[in-house]
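Now for the letters of each chain:
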Amino acid sequence: MQDYDRFYSKLGRSFKPGVLTTVVLKAFDLMKQGKKIISLTGGSYDVPSMPWQEVKSIFAEAPCEAWSEMLQYGNTTGTPQLRAELAKFMAEASIESDPDSEIIVTTGSQEAIDLVTRVFIDPGDVIIVGAPTYLSALSAFKQMDPDFMEVPIDADGMDVDVMESKLKRLKADGGSAKLLYVIPSFQNPTSTMLPMERRKRILELAEEYDLLIMEDNPYGYISFEGPMPTPLAGMDKSGRVLYTSTFSKIVSPGMRVGWLKGEGECIAKMAEAKSRISIMNDGLAQYAAAEMFRRGDVARQIPKVIGVYRKKRDVMLESMETSFPKEAEWNDPRGGLFLWVKMPEHVNTTEILMEAVDRGVAYIPGSNFFTRPVHNYIRLNYSLPSEADIVEGIQIFGDLLKEKI
Ligand SMILES: Cc1ncc(COP(=O)(O)O)c(C=O)c1O
């Protein structure tokens, strides 16, 4: 077998299996041996809620002309039908956009983050991120070797006062930040919600310090207690906010339908960047997505999964009250798919992961969501496991954590 090591680029060398891959491989091995592993890891979709009947009838009823479009090469920015539906969908959240020039359909929001990285980030640029924040956004940004400015996440999301003082200090030292990456609604991994006051303050700071904002909104629609608050992109007066959202949490992650909204010239650049790697999006998924909007399937699917996830959140919270050690602290998420748990500092959740998997439960250690070593947090997902598996998984994990206290 060829050893490619001497050929790898600097970037290629940096690609190492992430925690999800490692956990999944280990779990897969154990499952092959007949062992049950309960996954509380990624933000996967509740399987019984998947809209497979809707997708099936969309394809069964598709006219001939639609098939020739679906199976042909198309625009890198996405089909006109889907972009028009996305513009309407965003308008419901107060985000105005021109579907012809301000939207690009992407292979999930992950590709949108990658495109923003390629188009805007140079090595050494300062990116402001929450501490903690979405691990795969950090991985995408790291490809360009930026500097990170971490802003703590408190019970109300990013602490804007700390952000302001860090920006002030950086400016006084002759530096500046370029991009703020923010997940305002039901943030990953903490599920915190940025209040309106903080949203306004962030937009003011962006003006004052000339920042570009990337707003990532996969979870805002999964709100258990009221309508989704207005995204920053719906309040932005100067075109500073690049906005991404996705089908992954509301309709289907397997369809890989995400999108990015920005002003015209930058979207044209995104299309160039995208055409170097994926040429265009999947024609079948785009057709189904546009039809799902047109038929009202998306509008019906959102309240359906909200109901399922609210119930699962309640089951997980109840199980934790019963089974977790009293030293553990966690939030009560009002939306989204995750619980964020703080353990006493001496409990290293990275080190005990494989032991947990051996016992039949997998989770994501909190260290993956920081740019520096922090080892006493845990992210738990409740959207994928059944209610019975949530109870069982939390009990197994709670027993292990009690031993480690
Ligand atoms: C905050 C955040 N952004 C982006 C993504 C990527 O989603 P997609 O499946 O649309 O690529 C995720 C997925 O979990 C996420 O949590």
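Whatever comes next refers back to the structure up there.
Residues numbered from 1 in each chain as written. Predicted model: local features only at pLDDT ≥ 70, side-chain atom pairs only at ≥ 80, totals over all residues. Heavy atoms only, no water.

Participant: Before we go on, may I ask you to explain the layout of surface pockets in this structure?
Facilitator: Over the atoms rolls a probe the size of a water molecule, and in doing so it shows where empty space is left. In this structure, the largest pocket spans a volume of roughly 760 Å³. In this structure, the largest pocket is lined by 22 residues; those nearest its centre are Lys 16, Gly 18, Leu 135, Ser 136 and Ser 139. At the level of secondary structure, the elements contributing two or more residues to the lining of the largest pocket comprise helix H2 (19-32), helix H6 (108-120) and helix H7 (135-142). In terms of residues, the lining of the largest pocket owes the most to one element, H7, which gives 6 residues. A breakdown of the residues in the lining of the largest pocket according to their chemical character gives 9 nonpolar, 9 polar and 4 charged. Reported here for the second largest pocket is a volume of approximately 540 Å³. (1 Å grid on protein atoms, 1.4 Å probe; cavity = no way out; pocket = protein on both sides within 12 Å on 5 of 7 lines; lining within 4 Å. Points joined across faces, edges and corners; volume = space filled by probe spheres on them. Helix = DSSP H or I, 4+ residues; strand = E, 2+ residues; numbered from the N terminus. Nonpolar A, V, L, I, M, F, W, Y, C, P; charged D, E, K, R; others polar.)

Participant: What is the right way to read helix H9 (residues 196-208) from this model?
Facilitator: If you check H9, its first and last C-alpha atoms are 18 Å apart, about what 13 residues at 1.5 Å a residue would give, namely 18 Å. Listed as buried for H9 are Arg 198, Arg 199, Ile 202, Leu 203, Leu 205 and Ala 206. In a view along the axis of H9, the buried residues occupy a sector of 160°, so they form one face of it. If you follow the buried residues of H9, they end up packed against strand S4 (147-154), strand S5 (157-158), helix H8 (160-172), strand S6 (179-182), strand S7 (212-216) and strand S8 (241-246). Immediately beyond the C-terminal end of H9, within one or two residues, lies Asp 210, with a positive phi of roughly 50°. (Expected span 1.5 Å × (residues − 1). Buried < 20%, exposed > 50% of the residue type's maximum accessible area, 1.4 Å probe, protein only. Arc of directions from axis to C-beta. Contact = heavy atoms within 4.5 Å.)

Participant: Explain helix H5 (residues 80-91) to me, please; I cannot follow it from the model alone.
Facilitator: Helical geometry note: an α-helix holds 3.6 residues per turn, so side chains three or four residues apart project in the same direction. Counted at 1.5 Å a residue, the expected span for H5 with its 12 residues is 16 Å, and the 16 Å between its end C-alpha atoms agrees. Of all the residues in H5, the buried ones are Leu 82, Arg 83, Glu 85, Leu 86, Ala 87, Phe 89 and Met 90. Considering only its buried residues, H5 is in contact with strand S2 (103-107), S8, strand S9 (257-261), helix H11 (283-294) and helix H12 (297-323).

Participant: When you look at the sheet that holds strand S10 (residues 329-330) in this model, what are you seeing that I'm missing?
Facilitator: Each strand in a sheet pairs with another by means of backbone hydrogen bonds, the pair being arranged parallel or else antiparallel. Spatially, the 4 strands line up as an open sheet ordered S10-S11-S14-S13, and their pairing is antiparallel. Edge positions in the open sheet fall to S10 and strand S13 (364-365), since each of these has one partner strand only. Both S13 and strand S14 (residues 377-381) contribute to a ladder of 2 bridges, which runs antiparallel. Each bridged residue has a counterpart across the sheet, and for Ile 364 the counterpart in S14 is Arg 379. Lying over the sheet, H12 contacts S10, strand S11 (338-342) and S14, oriented at roughly 25° with respect to S11. (Pairing = 2+ DSSP bridges. Axes fitted to C-alpha atoms, helices over the stretch in contact; angles between N-to-C directions.)

Participant: I keep staring at a nonpolar patch on the surface and nothing clicks. Help me out?
Facilitator: Among the surface-exposed residues, Val 47, Met 50, Trp 52 and Leu 384 lie close enough to one another that they form a single nonpolar patch of about 370 Å² accessible area. Within the secondary structure layout, Val 47 lies in the loop between strand S1 (38-39) and helix H3 (52-60). (Patch = residues over 30% accessible without salt bridge, like charges linked within 9 Å, V, L, I, M, F, W, Y side chains within 5 Å. Areas by Shrake-Rupley, 256 points an atom, 1.4 Å probe, with all protein chains shown as cover. Salt bridge = Lys/Arg side-chain N within 4 Å of Asp/Glu carboxyl O.)

Participant: Would you take a moment to explain the nonpolar core for this structure?
Facilitator: Nonpolar side chains in soluble globular proteins generally cluster together in the buried interior. Ranked by size, the top nonpolar core spans 106 residues in total, and within it Phe 247, Leu 380 and Phe 397 carry the most contacts. The greatest single-element share of this core, amounting to 9 residues, is contributed by H12. For Leu 380, the contacting residues outside a window of four places in its chain are Leu 40, Met 316, Met 320, Phe 324, Leu 337, Phe 338, Leu 339, Val 341, Tyr 363, Ile 394 and Phe 397. Residues Leu 115, Ile 183, Leu 242 and Ala 273 belong to the second largest nonpolar core, which totals 24 residues. (Core = buried A, V, L, I, M, F, W, Y, C linked by side-chain atoms within 4.5 Å.)

Participant: So what exactly am I meant to see when it comes to empty space enclosed by the protein here?
Facilitator: For the structure shown, the criterion picks out 1 cavity of 30 Å³ or more. Taken as a whole, the largest cavity spans an internal volume of roughly 80 Å³. In this structure, the largest cavity is lined by Gly 130, Thr 133, Ile 153, Gly 157, Met 158, Tyr 181, Val 182, Ile 183, Pro 184, Gln 187, Thr 192 and Leu 194. If you list the elements that add at least two residues to the lining of the largest cavity, you get S5 and S6. Class assignment of the residues belonging to the lining of the largest cavity gives a composition of 7 nonpolar, 5 polar and no charged.

Participant: Please clarify how the packing of aromatic side chains should be interpreted in this entry.
Facilitator: Both the distance between ring centres and the angle between the ring planes are used here to describe each pair of aromatic rings. Summed over all chains, the structure comprises 14 aromatic pairs. Where Phe 89 meets Tyr 221, the ring centres are 4.9 Å apart and the plane angle is 20°; that geometry is what we call stacked. Of the two residues, Phe 89 sits in helix H5 while Tyr 221 sits in the loop between S7 and S8, which places them 132 residues apart along the sequence. On the basis of relative accessibility, which here comes to 7%, the residue Phe 89 falls in the buried class. Centroid distance Trp 340 to Phe 370: 6.3 Å. Interplanar angle 40°. Geometry classified as tilted. Linking Trp 340 in strand S11 with Phe 370 in the loop between S13 and S14, this pair joins segments that are 30 residues apart in sequence. Neither Trp 340 nor Phe 370 differs from the other in exposure class; each is buried. Taken together, Phe 89, Tyr 221, Phe 247, Trp 259 and Phe 293 form an aromatic cluster joined through their ring pairs. Above the face of the Phe 338 ring, Arg 379 is positioned so that its terminal group lies 3.8 Å from the ring centre. (Phe/Tyr/Trp six-rings, centres within 6.5 Å; stacked < 30°, edge-to-face > 60°. Lys NZ or Arg CZ within 6 Å of the ring centre and 35° of its normal.)

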